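Commentary on secondary and tertiary structure
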Amino acid sequence: MRHAKEESSCSATEAIDLISAVKELHGLSSQELNKLLKDSENFTIHYHTEKGLMKIDMEKLAAFLPLHLLGVLMSSDRDETLFRYLLCGIRLLHSLCDLASRQSKVEQVTILLDDVKVSEQLLDLVFYLLIVLGGYKQENHNFGLIPLVHSALVASSLHLLTGCIASQWQDLVHVLLAHPKVDIFMDAAFGAVLTAIGFLEIQLSAHHIDFRSLTVERMVNFLCQQCEASLQFLQSLCQQKMFRERLLRNKELCGKGGVLFLARAILKLNVPPFTGSSRIVAALSRMKAKILSILLSLCEAESISYLDEVASSPESLNLAKSVALEVLELLKTALGRDPKHLTSCSDRSYPTGFLQLNAMRLADIFSDDSNFRSYITIHFTKVLTAIFSLPHGDFLSSWCSSNLPMREEDGSLEYDLFAAAGWVLDKLSPLDLSNGTNLEFTPLTNNMPQTSYEHQRTSLFVKVIANLHCFVPTICEEQERNLFLLKFLECLQMDLSKSLPEFSINSDAPKATTVCRNLRSLLSHAESLIPNFLNEEDVQLLRVFFDQLQSLITSGELGENRAQEAQSTGGYSSPLLRKDHPISNKRRGTLKEEMSENSAFQEVEQIYVKSDHIDQGDDVNRGENRGLSGRGASGGLGGINTDVQNVETSGSDTSSSRGKNAVHQMENV
């Protein structure tokens, strides 16, 4: 902030003129300023105020305004008065920058703003302002205008960069990365947005039962708009590869979890059902989608592994797991609703398609990482079990269909800095907020083709299951072997209709039959998604999981003789704990014995085929049976099951190698 002390270049009189100019001119749009300049001479405009005629030298105003605002920021108390004045100054700066295309007289003013020295002062102003806003203490300032002005300042200062420094993102990234304090900017920007989110969370908590009040609803809606605009700015920067790669080397944001703190804060934002405004709930959904998009862009970077960075310390690893848990909770809410009864806009409490896909993409990434796989297994298997326990028709329509009403909606705001700042400065008063009018930024939505959305959704579902069932001895811990299978079987014995009421599970239906039918349908549908949406390895892992699970289920729950035998000894034990079905690396029986037990598979298959014909048409079941019976001996229930259980597959980050061991061993059998 090397220019802060240069304010002495302005005389005291000039400083007073600057303050007056800021207070009087900030309400003028660039069009209005342009009109005044057309009638001026020597860049001196004449402006009528309540105190009389005011002469303002626009050339000096453009040259000294950034440095003046920086000096005021460094020398004044951090209170509402300062924030309101700074917002006025940034609003005026934005209008001056917007004058570039108005007329030839403005070119000289624009040249001043494009001057290297003035550009450096603009960057210094934005950097230091973000530092102040990020470190602002929220105590005793949770209500009134402070949260509104603070959030508007964060959004306005960020968007001042695209308004005054570079309008194209790639150009702005070059300018930022060339600055010696780029790391400070990154820390300050994420910190300032986090503080603004904190104000929003406080308002949501304080007024969660009073959104019938138009005043409260207007305030919270404005906070949502400003926070979303700021987050959208960070998202746009992270979409640029050069900025993203530089961000991954920032120890505070990646190694120490700065991005994760922001992600967790946003994912925890919530409005209780039936009390929130639909536009507020929609804004929260878009913000969650945007922060997940930022996380995805970091996780998918090629040069540095983001998850390895956050796993470098126990603190950041635990923070990452807490974020993963929030993602899973979001998915539980999304997947527990029947999409047939929803449209993309009719139920705003239902996460949008874009948010769902981002959450599922992150679940795929987390479940494929050795640092998170066990954690995901423990916390998400119950939800996966509940999905497979849905009535067969509901499962088919949700996961094996091309007729879902939901589509991916990617909403982006067209942010208007001048209007946003004016809403706070011109329409609100500290004593009476009821006179404020609504400020609306219409989000622009981009819908992807419906079939593509549905296939991506199903393919990600399959990939998560494949990742969780995958085991690589060189990477995974021994206790992770068959952990997902064991956890799934454990959840099958629970009454999920009570623990997960959002899923429409029929507790009276035979759960084992339902789960196997649904899995078989998913496997058949997954095979049709190769190679456009799924690869062979993921489908093979799903097939191995199905074979193992079906063997254990049918031997215990469909074998009446076993049940009677267990009851005669004084009780019934789960097939999970039986010694005749060990989960180990040892092969049991010879290949001849394995092949001979295929008759048991045929009997069970006939039971499912008959049941399928009751609920579904012949065409669906023929497709399902082709995917299962066509595998021959590899689908048997006896000794072959033990061999399939012990297939070791690759869980490395290179998905092309994952599952090759499984395919190889299955072919040998």
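Parameters at a glance
Residues numbered from 1 in each chain as written. Predicted model: local features only at pLDDT ≥ 70, side-chain atom pairs only at ≥ 80, totals over all residues. Heavy atoms only, no water. Helix = DSSP H or I, 4+ residues; strand = E, 2+ residues; numbered from the N terminus. Buried < 20%, exposed > 50% of the residue type's maximum accessible area, 1.4 Å probe, protein only. Contact = heavy atoms within 4.5 Å. Areas by Shrake-Rupley, 256 points an atom, 1.4 Å probe, with all protein chains shown as cover. Pairing = 2+ DSSP bridges. Axes fitted to C-alpha atoms, helices over the stretch in contact; angles between N-to-C directions. Parallel < 35°, antiparallel > 145°, perpendicular 65-115°, else oblique. Phe/Tyr/Trp six-rings, centres within 6.5 Å; stacked < 30°, edge-to-face > 60°. Lys NZ or Arg CZ within 6 Å of the ring centre and 35° of its normal. Salt bridge = Lys/Arg side-chain N within 4 Å of Asp/Glu carboxyl O. Disulfide = S-S within 2.5 Å. pLDDT = per-residue confidence, 0-100. Nonpolar A, V, L, I, M, F, W, Y, C, P; charged D, E, K, R; others polar. Core = buried A, V, L, I, M, F, W, Y, C linked by side-chain atoms within 4.5 Å.

Along its length, the chain carries 31 helices and 4 strands. Counting only residues that meet the buried cut, the chain has 57% of its 669 residues in that class. Within the chain, residue pairs in contact and separated by at least 24 positions form 81% of the contacts whose partners lie at least 6 positions apart. Element-wise, carbon and sulfur atoms account for 50% of the exposed surface of the chain, whose accessible area totals about 28000 Å².

Our focus in this paragraph is the pairing of strand β1 (residues 44–49). As judged from the 6 bridges shared by β1 and strand β2 (residues 52–57), these two strands associate in the antiparallel manner. Of the residues in β2, the one forming a bridge with His-48 is Leu-53. Connecting β1 to the antiparallel partner β2 that follows it, the hairpin turn spans 2 residues.

Time to look at the environment of Glu-326. By the secondary structure assignment, Glu-326 is in helix α16 (residues 314–335). In this structure the C-alpha to C-alpha distance between Glu-326 and Leu-267, which are 59 residues apart in sequence, comes to 6.4 Å. Glu-326 has contacts with Leu-267 and Lys-268, leaving out every residue within four places of it along the chain.

This paragraph deals with the packing of helix α9 (residues 182–206) against helix α11 (residues 241–248). Close contact between α9 and α11 brings their axes to 11 Å; oriented N to C, the two are set at 90°. Accordingly, the angle class assigned to the pair α9 and α11 is roughly perpendicular. Across from Val-182, Asp-183, Phe-185, Met-186 and Phe-190 in α9, the residues of α11 making contact are Phe-243, Arg-246 and Leu-247.

Attention now moves to the packing of aromatic side chains. For any two aromatic rings, the description comes down to two numbers: the centre-to-centre distance and the angle of the planes. The full count for this structure, using the stated rule, is 12 aromatic pairs. The interplanar angle of 55° and the centroid separation of 5.0 Å between the aromatic rings of Phe-366 and Phe-372 together place this pair among those described as tilted. In this structure, Phe-366 and Phe-372 share a single accessibility class: buried. Taken together through their ring pairs, the aromatic side chains of Phe-388, Phe-395, Trp-399, Phe-461, Phe-484, Phe-488 and Phe-545 make up a single cluster. Positioned over the ring face of Phe-418 is Arg-91, at 3.8 Å from the centre of the ring.

Right, let's talk about the pattern of salt bridges for a bit. All chains considered together, the criterion is met by 13 salt bridges. Residue Glu-326 is joined to Lys-268 by a salt bridge in which the shortest nitrogen-to-oxygen separation is 3.0 Å. Here Lys-268 lies in the loop between α13 (258–267) and α14 (278–299) and Glu-326 lies in helix α16, a separation of 58 residues in the sequence. A salt bridge links Glu-329 to Lys-332; the shortest N-O distance between them is 3.4 Å. Of this pair, Glu-329 and Lys-332 both sit in helix α16, 3 residues apart, which is roughly one turn of the helix. A cluster of three or more residues bridged by salt bridges with shared partners is formed by Glu-228, Arg-286 and Lys-290.

Attention now goes to the environment of Ile-90. Within the secondary structure layout, Ile-90 lies in helix α4 (residues 80–97). Separated by 68 residues in the primary sequence, Ile-90 and Val-22 place their C-alpha atoms 9.2 Å from one another. Excluding residues that lie within four positions of it along the chain, Ile-90 makes contacts with Leu-69, Leu-129, Leu-153, Ser-156, Ser-157, Leu-160 and Leu-417.

All told, the structure shown has 1 disulfide when counted by the stated rule. Through a disulfide, Cys-97 is tied to Cys-164; the S-S separation comes to 2.0 Å. An S-S torsion of about 110° defines the bridge between Cys-97 and Cys-164 as right-handed. Note that Cys-97 is positioned in helix α4 and Cys-164 in helix α7 (residues 146–164), a separation of 67 residues in sequence. Not part of a disulfide, Cys-238 finds its nearest cysteine sulfur in Cys-254, a span of 8.8 Å.

All right, on to the confidence of the model for the chain then. Residues of the chain with pLDDT of at least 70 account for 68%, and the chain-wide mean is 76. Here helix α27 (residues 591–596) stands out as the least confident element of the chain, with mean pLDDT 29; α13 is the most confident, with 97. Contacts from residues 340–350, a stretch scored under 50 in pLDDT, to residues over four places away or in other chains number 24 contacts. Note that residues 430–434 has pLDDT below 50 and, in this model, 9 contacts with residues that lie over four places away or in other chains.

On to the packing of helix α8 (residues 169–178) against α11. At a minimum axis distance of 9 Å, the contact between α8 and α11 shows a crossing angle of 30°. One way to sum up the angle between α8 and α11 is to call them roughly parallel. Contacts from Val-173, His-174, Leu-176 and Leu-177 of α8 reach α11 at Met-242, Phe-243 and Arg-246. Grouping the constituent residues of the contact of α8 with α11 by class yields 5 nonpolar, 1 polar and 1 charged.

Glancing now at unusual backbone geometry. For the peptide bond that leads from Ile-530 to Pro-531, omega is 5°, which places it in the cis range. Examined against the element boundaries, Pro-531 turns out to sit in the loop between α24 (511–528) and α25 (536–557).

Let us now look at the nonpolar core. Counting 187 residues, the largest nonpolar core has Phe-185 and Tyr-306 as the members making the most contacts within it. Setting aside residues up to four positions removed in sequence, Tyr-306 forms contacts with Leu-248, Cys-254, Val-259, Leu-260, Leu-295, Leu-298 and Cys-299. Counting residues in each nonpolar core, the second largest holds 6 residues, with Ala-466, Cys-470, Cys-476 and Leu-541 among its members.

Right, let's get into the environment of Lys-251. Within the secondary structure, Lys-251 is located in helix α12 (residues 251–255). The spacing of Lys-251 and Val-310 is 59 residues in sequence and 9.6 Å in space, taken between C-alpha atoms. Residues contacting Lys-251, with those up to four places away along its chain left out, are Lys-256 and Glu-309.

Count 3.6 residues to each turn of an α-helix, and residues three or four apart come out pointing the same way. A large share of α11 lies buried, amounting to 6 of its 8 residues. Restricting attention to buried positions, one finds in α11 the residues Phe-243, Arg-244, Glu-245, Arg-246, Leu-247 and Leu-248.

This part covers α13. Counting buried positions along α13 yields 7 of 10 residues, so the element is predominantly enclosed. The set of residues buried in α13 consists of Gly-258, Val-259, Leu-260, Leu-262, Ala-263, Ile-266 and Leu-267.

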